[in-house]
Amino acid sequence: MTADSRRSSPWTDYNRRMRWFFGIWMGGFAVSALVIYASQSTRYEHVVFWLSLGTWIFACIVAKSRLMAFRCPKCGQRFFNPYWPYPEKCRHCGVARGR
């Protein structure tokens, strides 16, 4: 497999979307906690808290939406089941994740 084919693989895109989602989810929590801790002694502590929380939630929603929009490379339908967000196979054609 060449570098170009690996880069354009649909499963590479899937893995990238998954990393973005978990990076925003966990990294956003850490960044929000640090920002809130740093602003504890300020007058605008509550504003910083809600702004940080809102930004983090919005980023998580955008990343999760991109992840859920991933299409199966075999059948072209949505790969994810809306009720189980981390499937092992396509809910339409049954192709295993990463194959």
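For the structure, see preceding data.
Residues numbered from 1 in each chain as written. Predicted model: local features only at pLDDT ≥ 70, side-chain atom pairs only at ≥ 80, totals over all residues. Heavy atoms only, no water.

How should the overall build of the chain be read in this particular structure?
A count of helices and strands for the chain gives 3 helices and 0 strands. Helices and strands in the chain line up, N terminus first, as α-α-α. Within the chain, the proportion of its 99 residues that are buried is 22%. Taking as baseline every contact in the chain between residues at least 6 positions apart, the subset at least 24 positions apart corresponds to 40%. Per element, the accessible surface of the chain, about 7300 Å² overall, is 64% carbon and sulfur. (Helix = DSSP H or I, 4+ residues; strand = E, 2+ residues; numbered from the N terminus. Buried < 20%, exposed > 50% of the residue type's maximum accessible area, 1.4 Å probe, protein only. Contact = heavy atoms within 4.5 Å. Areas by Shrake-Rupley, 256 points an atom, 1.4 Å probe, with all protein chains shown as cover.)

What am I meant to see in the pattern of salt bridges here?
Oppositely charged side chains can form a pair if their charged atoms are brought close together. Overall, the coordinates contain 2 salt bridges when judged by the stated rule. The partner of Arg17 in a salt bridge is Asp13, and the shortest N-O contact between them spans 3.1 Å. Of this pair, Arg17 and Asp13 both sit in helix 2 (residues 10-38), 4 residues apart, roughly one helical turn. Among the charged side chains, a salt-bridge network with shared partners connects Asp13, Arg16 and Arg17. (Salt bridge = Lys/Arg side-chain N within 4 Å of Asp/Glu carboxyl O.)

Before we go on, may I ask you to explain the nonpolar core in this structure?
As a rule of thumb, soluble globular proteins bury nonpolar side chains together. Trp11, Tyr14, Met18, Phe21, Ala63, Leu67, Phe70, Cys72, Phe79, Phe80, Cys90 and Val95 form the largest nonpolar core, which has 12 residues in total. Looking at this core, the elements with two or more residues in it are helix 2 and helix 3 (45-68). Considering every element that reaches this core, the biggest residue donor is helix 2, with 4 residues. With sequence-adjacent residues up to four places away left out, Val95 is seen in contact with Cys72, Lys74, Phe79, Glu88, Lys89 and Cys90. (Core = buried A, V, L, I, M, F, W, Y, C linked by side-chain atoms within 4.5 Å.)

Would you mind going over the state of the cysteines with me for this structure?
What we call a disulfide is simply a covalent bond connecting the sulfur atoms of a pair of cysteines. Tallying each qualifying case throughout the model produces 0 disulfides. Lacking any disulfide linkage, Cys72 is separated from the closest cysteine sulfur, that of Cys93, by 3.6 Å. Since its relative accessible area comes to 3%, Cys72 is described here as buried. In this model Cys90 remains outside any disulfide bridge; the closest cysteine sulfur is found in Cys75, 3.8 Å from its own. (Disulfide = S-S within 2.5 Å.)

For this particular structure, what's the right way to read the packing of aromatic side chains?
Aromatic ring pairs are reported here in terms of the distance separating the ring centres and the angle at which the planes meet. Summed over the entire model, instances satisfying the criterion amount to 13 aromatic pairs. Members of the aromatic cluster, joined through ring pairs, are Trp11, Tyr14, Phe70, Phe79 and Phe80. Over the ring of Phe21 we find Lys64, and its NZ or CZ is 4.9 Å from the ring centre. (Phe/Tyr/Trp six-rings, centres within 6.5 Å; stacked < 30°, edge-to-face > 60°. Lys NZ or Arg CZ within 6 Å of the ring centre and 35° of its normal.)

Is there a simple way to explain helix 3 in this structure?
Given 3.6 residues to a turn, an α-helix orients residues that are three or four positions apart in the same direction. Taking 1.5 Å as the rise per residue, helix 3 with 24 residues should run 34 Å; its terminal C-alpha atoms sit 34 Å apart, in good agreement. Looking only at helix 3, the buried set comprises Ser52, Trp56, Cys60, Ala63, Lys64 and Leu67. For helix 3, the elements touching its buried residues are helix 2. (Expected span 1.5 Å × (residues − 1).)

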